[in-house]
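Structure assessment
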Amino acid sequence: MKRFDICAGLLLATVIAASPLVLQAKTGPQGYLADGAVETIKILPPAPVKGEPRYEADREIFKATRRFVGSPRWALATNDVKLSTPDLLRDFSCAVGVALTPENAPHLVQVVEKANSDTAHGTNVAKDYFKRLRPFQIDNGEVCQPTVELANSYDYPSGHTTRGWTWAELLAELVPDHASAILARGRAFGESRIVCGAHNTSAVEAGRLSAAVTLAVVHASPAFQNDFKAAREELAGLQADAGTTRPQGCAEEAELIALPVF
């Protein structure tokens with residue numbers, strides 16, 4: 001091959017690599033941490049494998065929790081499938097005591113969603129590493145969302161649980177006088193994945209741990225600390241304002257959250 005052809009090929013490769021499309025594919029939502037700041041696969045316990053007691057416990061819990069199909073707790077689990085920011089704000093409104101929206105809590109959205117970029121990254125790395133099958137891929141049983149939405153991703157850890165626990169842990173710190181209710185809702189949000197049949201119990205436990213260990217490092221970021229302060233002041237203002245809308249249906253939600261899943 002002539003030198004000119006080699007140089008032209010290298011130039012073409014450089015142009016392609018620098019194209020907006022490729023750059024967009026490499027650029028996702030930015031969190032507070034550099035890639036690799038928390039190595040979740042070194043922290044989480046290994047995913048259960050066939051023949052281990054944890055593996056069999058996952059199977060038994062999946063089969064036992066099919067009893068919730070069609071129940072009010074099943075309906076809550078179906079609600080908890082939705083992961084948009086407005087959905088999460090609504091889901092934690094009763095626990096916080098005010099109706100949260102993207103419009104009245106932009107600083108809250110800023111800090112939680114940036115931190116969620118970090119926690120989600122750690123969980124996704126672990127998912128691809130462990131490659132654990134979902135419960136309905138091992139045993140037959142109804143699932144509260146279309147399995148086609150789940151079949152191409154792995155079970156362990158639960159991404160839904162990681163996202164819900166990220167919201168719960170940060171909200172509990174931001175509104176400490178409501179911490180118990182907030183953390184209970186976060187626990188139930190993860191358990192909804194078990195009720196739904198989308199995740200094994202071990203994956204839900206790992207999702208919480210993945211979120212918690214990443215958030216421990218996120219807290220050291222000066223940018224996080226500044227955003228956290230703004231969100232805390234914002235939420236204090238909402239709570240103190242008598243004109244802030246209060247959420248409805250909280251007593252019914254509290255009953256479902258308190259219902260034992262196991």
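Everything here concerns the structure above.
Not measured: the values here are computed from a predicted model.

1. With respect to the state of the cysteines
By the definition in use, this model includes two disulfides. Sulfur-sulfur distance for the disulfide between Cys 94 and Cys 250 comes to 2.1 Å. Across the S-S bond of Cys 94 and Cys 250 the torsion is about -85 degrees, and the bridge reads as left-handed. Within this pair, whereas Cys 94 is found in helix H7 (residues 93-96), its partner Cys 250 is found in helix H13 (residues 250-258), the two being separated by 156 residues in sequence. By relative accessible area, which is 19% here, Cys 94 ends up buried. Here Cys 250 falls in the partly exposed class, since its relative accessible area comes to 24%. Each bonded cysteine of the chain is numbered by sequence order, and under that numbering the disulfide pairs are 1-4, 2-3.

2. Brief notes about the pattern of salt bridges
Using the criterion set out here, one finds 12 salt bridges in the structure. For Glu 56, the salt bridge goes to Arg 59, with nearest N and O atoms at 3.4 Å. With Glu 56 and Arg 59 both in helix H4 (residues 53-64) and three residues apart, this pair spans about one turn of that helix. Between Glu 191 and Arg 187 there is a salt bridge; the shortest N-O distance is 3.1 Å. In this pair, Glu 191 and Arg 187 are both assigned in helix H10 (residues 179-196), four residues apart and thus about one turn of the helix distant. For Glu 191, a relative accessible area of 10% translates into the label buried. In the salt-bridge network here, residues are joined through shared partners; they are Glu 56, Arg 59 and Asp 139.

3. Thoughts on helix H11 (residues 201-218)
With 18 residues, H11 should reach 26 Å at 1.5 Å per residue; the first-to-last C-alpha distance of 26 Å fits that figure. Across the 18 residues of H11, 13 count as buried, placing the element largely inside the fold.

4. Description of a nonpolar patch on the surface
The grouping of Ile 41, Val 125 and Tyr 129 at the surface amounts to a nonpolar patch, some 260 Å² of accessible area in total. Following the sequence through the fold, Tyr 129 ends up in helix H8 (residues 106-130). Of the residues examined, Tyr 129 reaches a relative accessible area of 52% and is grouped as exposed.

5. Looking at H10
Given a rise of 1.5 Å per residue, 18 residues ought to cover 26 Å, and the 26 Å separating the end C-alpha atoms of H10 matches this to within 8%. Of all the bends in H10, the greatest measures close to 25 degrees and is centred on Gly 190. H10 sits mainly inside the fold: 13 of its 18 residues count as buried. One or two residues past the end of H10 sits Gly 197, with phi positive at roughly 90 degrees.

6. Some words on the environment of Ala 211
Mapped onto the elements, Ala 211 comes out in helix H11. The exposure class of Ala 211 is buried, given its relative accessible area of 0%. Setting aside its immediate chain neighbours within four residues, Ala 211 contacts Thr 119, Thr 162, Trp 165 and Thr 166.

7. Details of the side chain of Asp 80
Along the polypeptide, Asp 80 turns up in the loop between helix H5 (72-79) and helix H6 (85-91). At 2.8 Å, the side chain of Asp 80 forms a polar contact with the side chain of Arg 185. Ignoring anything within four residues of it in the chain, the contact list for Asp 80 reads Asp 91, His 160, Arg 185, Ala 188, Phe 189 and Ser 192.

8. A closer look at the nonpolar core
If you look at the biggest cluster of nonpolar residues, it comprises 33 residues, and the most contacted ones within it are Leu 100, Leu 108, Trp 167, Leu 171, Ile 182 and Leu 235. Of all the elements in the fold, those that place two or more residues in this core are H6, H7, H8, helix H9 (159-174), H10, H11 and helix H12 (222-240). The element that contributes the greatest number of residues to this core is H9, accounting for seven residues. Once residues lying within four places of it in the same chain are set aside, the contact partners of Leu 100 are Leu 89, Arg 90, Ser 93, Ala 105, Leu 108, Leu 235 and Leu 238. Core analysis: the second largest hydrophobic core is formed by 15 residues, Phe 68, Val 143, Val 204 and Val 261 among them.

Conventions and cut-offs
- Residues numbered from 1 in each chain as written.
- Predicted model: local features only at pLDDT ≥ 70, side-chain atom pairs only at ≥ 80, totals over all residues.
- Heavy atoms only, no water.
- Disulfide = S-S within 2.5 Å.
- Helix = DSSP H or I, 4+ residues; strand = E, 2+ residues; numbered from the N terminus.
- Buried < 20%, exposed > 50% of the residue type's maximum accessible area, 1.4 Å probe, protein only.
- Salt bridge = Lys/Arg side-chain N within 4 Å of Asp/Glu carboxyl O.
- Expected span 1.5 Å × (residues − 1).
- Patch = residues over 30% accessible without salt bridge, like charges linked within 9 Å, V, L, I, M, F, W, Y side chains within 5 Å.
- Areas by Shrake-Rupley, 256 points an atom, 1.4 Å probe, with all protein chains shown as cover.
- Bend = angle between axes of the 7 residues up to and from the residue.
- Contact = heavy atoms within 4.5 Å.
- Polar contact = N/O pair within 3.5 Å; in protein donor to acceptor, adjacent residues only side chain to side chain.
- Core = buried A, V, L, I, M, F, W, Y, C linked by side-chain atoms within 4.5 Å.

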